[in-house]
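The chain contents come next:
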Amino acid sequence: MHQPVDLAKAYRLLNHGPTVLVSSAHGERRNVMAAAWSMPLDFSPPKITVVIDKRTLTRELVEASGEFVLNIPGRSLAQATVAVGNQSGRELDKFAEYQLATFAGSQVAAPLLAGCVGWLECRVLAEPHIQQAYDLFIAEVVAAWADPRDFSQGHWHFAPGRERSIHYVAGGTFFETGDAFQVPMP
């Protein structure tokens, strides 16, 4: 289940620092990898950054296609997140191996992973020096989606019993986003 997210609020899908699954495609090839280093960069138009190592198949596909999707998994996809982050897509089809269902986005060819709580369809803004020196990709968010049970009207809900975004620490250890609270604004 997914619904569109207003691009002016798309940054809120990443603002709290979740681990993401980067899906990519070019021609008949596709891949998915885990990334702990991503963040919103700008509001209008919305932009994000993500680190994609130059040795990965994802990097090859992103450079060839100029696009990718940031999929925001919850706890139910934590095992798959570790698995796709520790296996090369050159060795096997990760989607088949880990039984990852996908669906089509509206703006890019890269697949969106079913079962996530949010999705950002992205087009690369070429910055060759930054990409080569730091493996850092800057992209414009061209479409954003969220499961309305978890994110709607520009806000995360994190209701009891629902998926919450996950955050990778190291060595297979994650934490889930906790309860929200508000502080009065001056």
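In case you missed it, the structure is sitting above this.
Residues numbered from 1 in each chain as written. Predicted model: local features only at pLDDT ≥ 70, side-chain atom pairs only at ≥ 80, totals over all residues. Heavy atoms only, no water.

**Q** Whenever I open this one, the packing of aromatic side chains confuses me. Can you help?
**A** The description of an aromatic ring pair rests on the distance of the ring centres and on the angle between the ring planes. Enumeration over the complete set of coordinates arrives at 5 aromatic pairs. For the pair Phe103 and Trp119, a centre-to-centre distance of 5.4 Å together with 75° between the ring planes defines the contact as edge-to-face. Here Phe103 is found in strand β7 (residues 102-103), whereas its partner Trp119 is found in strand β9 (residues 118-124), with 16 residues between them in sequence. The class of Phe103 is partly exposed, set by a relative accessible area of 23%. Aromatic pair Phe151 and Trp156: ring centres 5.1 Å apart, planes at 70°, arrangement edge-to-face. There is no split in this pair, since Phe151 and Trp156 are both buried. An aromatic cluster of three or more residues is present, and its members are Phe151, Trp156 and Phe158. (Phe/Tyr/Trp six-rings, centres within 6.5 Å; stacked < 30°, edge-to-face > 60°. Helix = DSSP H or I, 4+ residues; strand = E, 2+ residues; numbered from the N terminus. Buried < 20%, exposed > 50% of the residue type's maximum accessible area, 1.4 Å probe, protein only.)

**Q** Looking at this structure, how should I read the side chain of Arg59?
**A** Take Arg59: it is sitting in helix α1 (residues 57-65). A residue is classified by how much of its surface remains accessible, and Arg59, at 1% relative accessible area, is buried. For Arg59, the side chain forms a polar contact with the side chain of Glu63, separated by 2.8 Å. With near-sequence residues (within four places) excluded, Arg59 lies in contact with Ile52, Asp53, Lys54, Gln131, Gln132, Asp135 and Phe137. (Polar contact = N/O pair within 3.5 Å; in protein donor to acceptor, adjacent residues only side chain to side chain. Contact = heavy atoms within 4.5 Å.)

**Q** Hey, could you run me through the state of the cysteines in this one?
**A** Here is the idea: a disulfide is a covalent bond, and it sits between the sulfur atoms of two cysteines. Following the criterion strictly, the structure yields 0 disulfides and no others. You can see Cys122 has no disulfide; the closest cysteine sulfur is in Cys116, sitting 13 Å from it. (Disulfide = S-S within 2.5 Å.)

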